[in-house]
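# Summary of the model geometry
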Amino acid sequence: MFQACHDRDIDIVCDEAFYDFTVNHRHLLSWRHTFPTLIIIRSMTKMFSIPGLRAGYLIASPDKVRQAEKLMPAWSVNNIAGCAIKQAFKEQSFTDASVNMIATERERMKTKLEELGFVISPATVNYYLLREDPAKDLLPLITFLSEKGIHVRHTYNFSGLNGSYIRMAVKKNEENNRLLAALQGWKER
């Protein structure tokens, strides 16, 4: 695919917004020299929980970066976001610890949720999809969890999922245990 696009001078934009959460970091960065039409975008907001700053970056050939710069508004990053971005790049130990904790909790949750009879999507990042078996609309489960103060993302607007899945973030052990207890209650009702 990359070669075919390269041969036709077609840009390929790859969204690696959740790149930081992957344990083995299988990413496309090493291909950018071979395929100068490859553009990689990454987010700073996912790992560092700073969504309001809307901070991210682009990795591409110098020509593609210059083209992107021409499209940027004059004040695309404010001073607070700029300082946060600089600090985030220095926080490798935080990133490593977060990735390890999330990987451990993700696998623990997958095992526990499957024991409860749920189907869990394969995941390598900080969220997963959950559904019941057989698949059905999960609005009643979403409502049940919300009444317990646990808020999850519906999938009504995810093409092909049609509300039969919910998207759940991998949290810290205590929060995940609270979710497990609520889902146990759901199964026992």
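As a reminder, the structure under discussion sits directly above these lines.
Summarised in this report is the structure supplied together with it. Everything quoted here is computed from the prediction, not taken from an experiment. (Residues numbered from 1 in each chain as written. Predicted model: local features only at pLDDT ≥ 70, side-chain atom pairs only at ≥ 80, totals over all residues. Heavy atoms only, no water.)

### Comments concerning the nonpolar core
By size, the foremost hydrophobic cluster in this structure holds 32 residues, and its most contacted members are Leu113, Leu130, Leu141 and Leu145. Counting only elements with at least two residues in this core, the list comes to helix H2 (45-48), helix H4 (79-88), helix H5 (92-115), strand S5 (127-131), helix H6 (139-147), strand S7 (166-169) and helix H7 (173-188). Among the elements that take part in this core, H7 stands out by supplying 5 residues, more than any other. Setting aside chain neighbours within four positions, we find leucine 113 in contact with Phe118, Ile120, Tyr128, Leu130, Leu180 and Leu183. Counting 9 residues, the second largest nonpolar core, distinct from the first, contains Cys5, Ile12, Leu28 and Phe35. (Core = buried A, V, L, I, M, F, W, Y, C linked by side-chain atoms within 4.5 Å. Buried < 20%, exposed > 50% of the residue type's maximum accessible area, 1.4 Å probe, protein only. Helix = DSSP H or I, 4+ residues; strand = E, 2+ residues; numbered from the N terminus. Contact = heavy atoms within 4.5 Å.)

### So, the packing of aromatic side chains
Evaluated as defined, the whole model comprises 5 aromatic pairs. Taking 5.1 Å as the distance between ring centres and 70° as the angle between the ring planes, the aromatic pair formed by phenylalanine 18 and tyrosine 127 counts as edge-to-face. Of this pair, phenylalanine 18 sits in the loop between strand S1 (12-15) and strand S2 (38-43) while tyrosine 127 sits in strand S5; the two residues are 109 residues apart in sequence, bridging distant segments of the chain. Here the guanidinium or amino end of arginine 42 rests over the ring plane of tyrosine 19, the centre of that ring lying 3.6 Å away. The ring of phenylalanine 118 carries lysine 187 above its face, with NZ or CZ at 4.3 Å from the centroid. (Phe/Tyr/Trp six-rings, centres within 6.5 Å; stacked < 30°, edge-to-face > 60°. Lys NZ or Arg CZ within 6 Å of the ring centre and 35° of its normal.)

### Some thoughts on H4
Those residues of H4 not exposed but buried are Ala81, Ile85 and Ala88. Here the buried residues of H4 occupy an arc of 65° about the axis, which is enough to place them on one side. Looking at H4, the residues exposed on the side facing more than 90 degrees away from the buried face are Asn79, Ile80 and Lys86. Residues of H4 that are buried sit in contact with H2. (Arc of directions from axis to C-beta.)

### What to know about the sheet that holds strand S3 (residues 56-59)
Taken together, 3 strands build an open sheet; the order of strands is S1-S2-S3 and the sheet is mixed. Either end of the sheet is taken by a strand with one partner, and the two such strands are S1 and S3. This sheet shows a mean twist of 20° between the axes of neighbouring strands, independent of strand direction. Examined bridge by bridge, S1 and S2 share 4 bridges and lie parallel to one another. Bridging from a neighbouring strand, valine 13 pairs with isoleucine 39 of S2. (Pairing = 2+ DSSP bridges. Axes fitted to C-alpha atoms, helices over the stretch in contact; angles between N-to-C directions.)

### Describing unusual backbone geometry
Here the bond from aspartate 133 into proline 134 is cis, since omega is 5°, no more than 30 degrees from zero. Here proline 134 lies in the loop between S5 and H6. One non-glycine residue with positive phi stands out, namely aspartate 9, at about 55°. Within the secondary structure, aspartate 9 is located in the loop between helix H1 (2-7) and S1. On the basis of relative accessibility, which here comes to 59%, the residue aspartate 9 falls in the exposed class. Its identity is not glycine, yet asparagine 162 carries a phi of approximately 50°, on the positive side.

### Structural notes on the sheet that holds S5
Strand order in this open sheet of 4 strands is S4-S5-S7-S6, and the pairing throughout is antiparallel. With one partner strand each, in any of the chains shown, strand S4 (119-120) and strand S6 (153-154) form the two edges of the open sheet. One ladder, built from 2 bridges, connects S6 with S7; its direction is antiparallel. When the bridges of S7 are listed, histidine 154 appears paired with isoleucine 166.

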